[in-house]
Amino acid sequence: MTRKGDGTQKKIGCSSTQTYLVGQRLQRPAQPTVENKDVNELFYNISWTPIQPETGCGSYGIYLKTYLADGSLSAPVELGQADVSEKTDGMYQKKLDLSAYSGQSVLLYVIAQAGHPQYVDSVEGITYELAVPKRVNTPTVNWNRSWDYDRNQPVTEDGFTAADPAGGSLKITLEPGNPESIPSGDSSYLLKAYVFETQAQAEAARAILGAGNSLGEGQGLLATYPALTGDELLPVQMETEPGGRFGHTLTGLSAEYAGKWMLCYTRISSGNGQVSSLWVENPQLWQLPYVKLPAPEVMLESQEREIAVTDVTNPDLPVQKTWKAERIALKWNGEALADTHLIQVKKKDGSSQLLRIVEHKETGTVSVYVQKQQPDGTFLWEEKVPIPDTQSFELPEVQISLNSTYTLAGITYRYQTTIDARLEVSWDAADGFAYTLLLPDAERLVTENGTVLTESALKETAFAAFTADVAKNAPDLFPGQASDAYLPSDELEVALGN
């Protein structure tokens, strides 16, 4: 630009020159593609192709205008941006929540935004007209459940974890609070839930989820219901029940969550041309019920083992021998939820001995105790020491002693033996603990020369009774405490038929 003086005025003019850059306008973006793949939400995937050429473009803005009552358009609202570095496979894509525009007709378009002073933003891109569906009205509901958190009202593990609703013990029922909360004929109530370690964590999560945010690490979330599908929590549909109620029996929920805290949400699903209602939160936090542990599954079998016998035919010259005994063995596996087993071995004479096994799953080891009566009549647990370099325990508190005779080739032999019970433990990281309790009872004895001996004195045990539990319920191990999730199993009695 040049400025000059006026010569007719006989004045000395002045001139100057300045160069101005005129910004190059970016190309107009094409019409975006707008998709909603979830009929229950108003989250839209908006994608578009880059302008050509893209030189000078630093980002793209996504804008929306709404139609007003008089047919005119509102001022534009920027919904989001995408930097040019976010291009994937030659396309840009953003996920936007259009819940605020439910029931409205809108125009969506993209503006290419300059990333260099030599360029200026493009004009408004080609628009996409969208009728955002109306949401179903937010319902009012009354929440009910089939369980109570009460030590006197536990459920079974099978009832807690049921794979089929017919066998489930955990049912949630909803009752619409007004006529407007009754779903239309082609919709129903949907249900989802979150399980937390503590009540405080569940309360904190209520605020986070209520604000539309996701839960992160360290916020106590143990599980979702139903379980995630990939990264998505897809709710279950509740069943219509008599009286206008809606119900759902929880299935597949692990019993490891017994005693934990559940936060539930419901909504009315899409129907009648409308998208699902907003989620409605259960105002109550529900504590999942106690679980009564299942009793161990015990197998009875015979196992041939060597025993030490003393031949006292000549009492002045006792001879140590090794015979074989076909001993009675009880075998079972550890339970996933239990870490303690109580075994009562009762003899035919009415006497009994109580054993206790406490598992240490983090190390794959066990502690074994026998209950012994003290001089004052009380009972205390005495811990047993394992056989060196093994996980086997001799249990002389449960034994059979024999002082008997047998005849061979017209000669009578006298022998003595004491057979102690023995507990053998194995551990596998995948399968857990496996147990074999060798009782002192035997079907028969076999001497060193093959003579088979059967005596009624070899069968003194009437039965063994098994109970699964958790160590937290043992007052001597955890004084003044008790499990807030598990109760001991029913007693399983294994009769030996002696």
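Provided above is the structure to which this section pertains.
Residues numbered from 1 in each chain as written. Predicted model: local features only at pLDDT ≥ 70, side-chain atom pairs only at ≥ 80, totals over all residues. Heavy atoms only, no water.

Observations regarding the environment of Asn 36
Here's step 1: By secondary structure assignment, the location of Asn 36 is in the loop between strand E2 (33-35) and strand E3 (43-48).
Here's step 2: Within polar-contact distance, the side chain of Asn 36 engages the backbone nitrogen of Asp 38 at 3.1 Å.
Here's step 3: One polar contact links the side chain of Asn 36 to the main-chain carbonyl oxygen of Glu 41, over a distance of 2.9 Å. (Helix = DSSP H or I, 4+ residues; strand = E, 2+ residues; numbered from the N terminus. Polar contact = N/O pair within 3.5 Å; in protein donor to acceptor, adjacent residues only side chain to side chain.)

Concerning the pattern of salt bridges
Here's step 1: Per the stated rule, a full pass over the model turns up 25 salt bridges.
Here's step 2: The partner of Arg 206 in a salt bridge is Glu 203, with the nearest N and O atoms 3.2 Å apart. In this pair, Arg 206 and Glu 203 both sit in helix H2 (residues 199-210), three residues apart, roughly one turn of the helix.
Here's step 3: Looking at Glu 203, the relative accessible area reads 39%, which means it is partly exposed.
Here's step 4: As a salt-bridge pair, Lys 324 and Glu 304 come within 3.9 Å of each other at their nearest N and O atoms. Here Lys 324 is found in strand E23 (residues 319-333), whereas its partner Glu 304 is found in strand E22 (residues 299-311), with 20 residues between them in sequence.
Here's step 5: Residue classification places Glu 304 among the exposed residues on the basis of a relative accessible area of 53%. (Salt bridge = Lys/Arg side-chain N within 4 Å of Asp/Glu carboxyl O. Buried < 20%, exposed > 50% of the residue type's maximum accessible area, 1.4 Å probe, protein only.)

With respect to the sheet that holds strand E10 (residues 141-145)
Here's step 1: Spatial ordering of the open sheet is given by E10-E12-E17-E16, a layout of four strands whose pairing is antiparallel. Across the chains shown, the open sheet's two edge strands, defined by having one partner strand only, are E10 and strand E16 (239-241). Across this sheet, the average inter-strand angle for adjacent strands is 30 degrees, counted without regard to direction.
Here's step 2: Bridge count for E10 against strand E12 (residues 171-176) is five bridges, and the pairing is antiparallel. Looking at the pairing, Arg 145 lines up with Ile 172 of E12. (Pairing = 2+ DSSP bridges. Axes fitted to C-alpha atoms, helices over the stretch in contact; angles between N-to-C directions.)

Things to note about the side chain of His 248
Here's step 1: Looking at where His 248 falls in the secondary structure, it is placed in strand E17 (residues 245-249).
Here's step 2: Within the structure, the side chain of His 248 is placed 2.7 Å from the side chain of Tyr 225, a separation counted as a polar contact.
Here's step 3: Residues within four places of His 248 in sequence aside, it is in contact with Leu 170, Lys 171, Ile 172, Leu 191, Tyr 225, Val 236, Gln 237 and Met 238. (Contact = heavy atoms within 4.5 Å.)

Regarding the packing of aromatic side chains
Here's step 1: Evaluation of the coordinates by the stated rule reveals 17 aromatic pairs.
Here's step 2: Ring geometry for Trp 332 versus Phe 466: centroids 4.9 Å apart, planes at 70 degrees, classification edge-to-face. Here Phe 466 lies in strand E32 (residues 461-469) and Trp 332 lies in strand E23, a separation of 134 residues in the sequence. Across the pair, Phe 466 and Trp 332 agree in class, each one buried.
Here's step 3: Cluster of aromatic residues (ring-pair linked, three or more members): Trp 332, Trp 427, Phe 433, Tyr 435 and Phe 466.
Here's step 4: Taking the ring centre of Tyr 369 as reference, the NZ or CZ of Arg 356 above it sits at 4.5 Å.
Here's step 5: Above the ring of Trp 381, the side-chain terminus of Arg 356 is found at 4.4 Å from the ring centroid. (Phe/Tyr/Trp six-rings, centres within 6.5 Å; stacked < 30°, edge-to-face > 60°. Lys NZ or Arg CZ within 6 Å of the ring centre and 35° of its normal.)

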